[in-house]
Amino acid sequence: MPTQTPAPMSPEWWRTAVIYQVYPRSFADASGDGVGDLPGVTSRLDHLAELGVDAVWLSPFYRSPQNDAGYDVSDYCDVDPLFGTLADADALIARAHELGLRVIVDVVPNHSSSEHRWFQEALAAGPGAAERDRYIFRAGRGPDGAEPPNNWLSMFGGPAWTRITEADGTPGPWYLHLFDATQPDFDWTNPWVADRFDEVLRFWFDRGADGFRIDVAHGLAKATSLPDYEVDPLRTGGEWASDDHPYWGRNEVHEIWRRWRAIADSYDGDRALVAEAWVTPLSKMARWVRHDELHQAFNFGYLMTPWDAIELRAVIDESLAAFEGVGAPSTWVLSNHDTIRHPFRLSVKEPLPHNIGIGPKSADRPDEAPALARGRAATLVMLALPGSAYVYQGEELGLPEAIDIPDDARQDPTFFRTPEGVYGRDGCRVPLPWEADAPAFGFSPTGASWLPQPASWAEYAASAQVGVEGSTLEMYKSALRLRREHALGEGRITWNESIEDVLDFTVGDVRVLVNLSDEEVPLPGSDVLLASAPVSGTLPHDTTVWLRA
Ligand code: NOJ
């Protein structure tokens, strides 16, 4: 079991860290079955060290029937054979630490898989048994209890309730699942549940994990009366602001985070907890990162901001004020495994709600080259900002959203749970291209790939970009090196006066100009440290430049 921790970066390393999200299914496949695995991740960690990130966050690799790509966990303390073994997880953590990379693992406390022993025991124990209180079972409405207990909808479409059949064949109660029917929600008012998760945290902290990313950290507490609530499941999130929402962003969750913070603090080496919390406004989200709660929260307000100068400046200011107000760093994120890759997301004409993808029948299909230019410009804004930033695997290669995935290859439950087959998140989850000329572009030695890779991805392969001046990979490397050298993560931002649709700000000794207008604009004479596109005398449309201030 690995015991060493990486060389100290600085105390509270998470305040300024750039954290790289590995989606293990799609990163690198050592076994050749077409699904990425932990030995594959370990074999490619050098790429991340060379890239210059500080930490790696791994999406779930635990035992799971994989109905929601591993976010349906059937054993929190074991590795799914699809991804390897516990020894492989230990080896990964040890190698990452050798390379100076911290490791954040994912914990999924809102729901388990219906195949988890805890849920199976609850079913078997029968009506009225204490085991049933681990989850949210309720009698149905109507004379025969044939209607769900309330009108809540699953985030993946359809009702959020499924009725069980008791062992004797009689129709039983319903259980709540805010996600897929195979993901029953825990009842966090039951201390038994909290005790089990204390054990899960300790299990991975003891194995050397440097932190946890907490799935659905806004959803664990439900209003006990389970009132009806009218909601559009494909919404953008506006209504999550309310404190009396029956399941999102309720204040009861904070007690859980204080308990988890005490556990993290009891370990050496500055362990960190980050919330996946879809909460608006940011001033409310900041409650998740008060000094005795979590260390960071993903800044989805920033992620959802369109490519617009006024809105971008406003969300940066709002983020810094909200998080600084509670003594926490702001985080910045543009892409992850649930959203359209940011070059495309920022380029569609009509912004799409979170979780909704682009597919073969979508009318609004951005062109690859201009989308990439915009995506690169957005990246150089994000990486200049003070605080901590998240990079999603493949964005350093400039990967486009994979749009033309045929229906019969799609995997996201959203596609199957919505009558009209809403394109979900498969387009941002396609396995990475490592080598331009190898089978599956080097993702898998056999050429297998659980989602099809577009043929055009040869040109995006890491091998085609390494050492190539101006490539997206080299731009990310330079940005991360300069960010460190100029201590941008610790800096403060000041806004300079600028013309319309141009952002101009200084962090430390770096001045950042971003042209969000449709025209090229004059560029002040100064040393260019880095640019998202070639610049000389003027700053082209959709370009960001870092100048020596
Ligand atoms: C958020 C995760 O990022 C997403 O992939 C998953 O489907 C849901 N939570 C449910 O666990």
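Since the structure is predicted, the reported quantities are computational estimates derived from the model, not experimental observations.

## Some details on the domain arrangement of the protein
Domain assignment breaks the protein into domain 1 (13-108 + 198-312 + 330-364 + 387-477) and domain 2 (117-176). Taken over C-alpha atoms, the centre of domain 1 sits 30 Å from the centre of domain 2. In this assembly, 22 residues from domain 1 lie in contact with 17 residues from domain 2. Our count for the domain 1 to domain 2 interface comes out at one salt bridge. Linking R141 and D228 is a salt bridge whose minimum nitrogen-to-oxygen distance equals 2.9 Å. Where domain 1 meets domain 2, there are eight residue pairs in polar contact (both at pLDDT 80 or more).

## Considering the side chain of R250
Here R250 shows up in the loop between β9 (211-214) and α6 (253-265). There is a polar contact of 2.8 Å between the side chain of R250 and the backbone oxygen of H245. Each residue touching R250, except ones within four places of it in the same chain, is listed here: H218, A221, K222, A223, D243, D244 and H245.

## Examining unusual backbone geometry
Looking along the chain, the bond that leaves T280 and enters P281 is cis, with omega of -5°. Along the chain, P281 turns up in the loop between β10 (272-275) and α7 (282-285). If you check the backbone angles, L226 has positive phi at about 45° while not being a glycine. Tracing the chain through its elements places L226 in the loop between β9 and α6. L226 gets classed as buried once you look at its relative accessible area, which sits at 10%. For A440, which is not glycine, the phi torsion reads 50° and is therefore positive. Along the chain, A440 turns up in the loop between α12 (413-417) and α13 (462-465).

## Points about the site of the ligand
Contacts to the ligand come from 13 residues, most closely from D68, D215, H337, D338 and R425. D338 places a polar side-chain atom, nitrogen or oxygen, 2.5 Å from an oxygen atom of the ligand. In isolation the ligand offers 300 Å² of accessible surface; the protein chains occlude 97% of this area. In a pocket analysis with a 2 Å cut-off to the grid points, the ligand is assigned to the largest cavity.

## A word on empty space enclosed by the protein
Considering all chains together, one arrives at six cavities of 30 Å³ or more under this definition. Each pocket or cavity is described by its volume, and for the largest cavity that value is around 230 Å³. Lining the largest cavity are 21 residues, with F179, V216, E276, D338 and R425 sitting closest to its centre. Its residues assigned to classes, the lining of the largest cavity shows eight nonpolar, six polar and seven charged. In this structure, the second largest cavity spans a volume of roughly 70 Å³. What lines the second largest cavity is simply Y302, T305, P306, W307, L312, L334, L346, A378 and V381. Looking at the lining of the second largest cavity residue by residue, the class counts come to eight nonpolar, one polar and no charged.

## Re the environment of F83
With respect to the helices and strands, F83 occurs in the loop between β4 (75-79) and α3 (86-98). Separated by 380 residues in sequence, F83 and S463 have C-alpha atoms that sit 25 Å apart. Not counting residues up to four positions away in its chain, the partners in contact with F83 are P24, R25, V35, G36, D37, L38, P39, P60, F61 and Q66.

## Comments concerning the sheet that holds strand β6 (residues 137-138)
Pairing is antiparallel in the open sheet, where three strands are placed in the order β6-β8-β7. Of all the strands in the sheet, the pair left with one neighbour each is β6 and β7 (161-165). Bridging between β6 and strand β8 (residues 171-176) involves two bridges; their strand directions are antiparallel. Following the sheet pairing, F137 is matched in β8 by Y175.

Rules and cut-offs
Residues numbered from 1 in each chain as written. Predicted model: local features only at pLDDT ≥ 70, side-chain atom pairs only at ≥ 80, totals over all residues. Heavy atoms only, no water. Domains from an automatic or database assignment. Contact = heavy atoms within 4.5 Å. Salt bridge = Lys/Arg side-chain N within 4 Å of Asp/Glu carboxyl O. Polar contact = N/O pair within 3.5 Å; in protein donor to acceptor, adjacent residues only side chain to side chain. Helix = DSSP H or I, 4+ residues; strand = E, 2+ residues; numbered from the N terminus. Buried < 20%, exposed > 50% of the residue type's maximum accessible area, 1.4 Å probe, protein only. Near = heavy atom within 4 Å. Areas by Shrake-Rupley, 256 points an atom, 1.4 Å probe, with all protein chains shown as cover. 1 Å grid on protein atoms, 1.4 Å probe; cavity = no way out; pocket = protein on both sides within 12 Å on 5 of 7 lines; lining within 4 Å. Sits in = over half its atoms within 2 Å of the grid points. Points joined across faces, edges and corners; volume = space filled by probe spheres on them. Nonpolar A, V, L, I, M, F, W, Y, C, P; charged D, E, K, R; others polar. Pairing = 2+ DSSP bridges.

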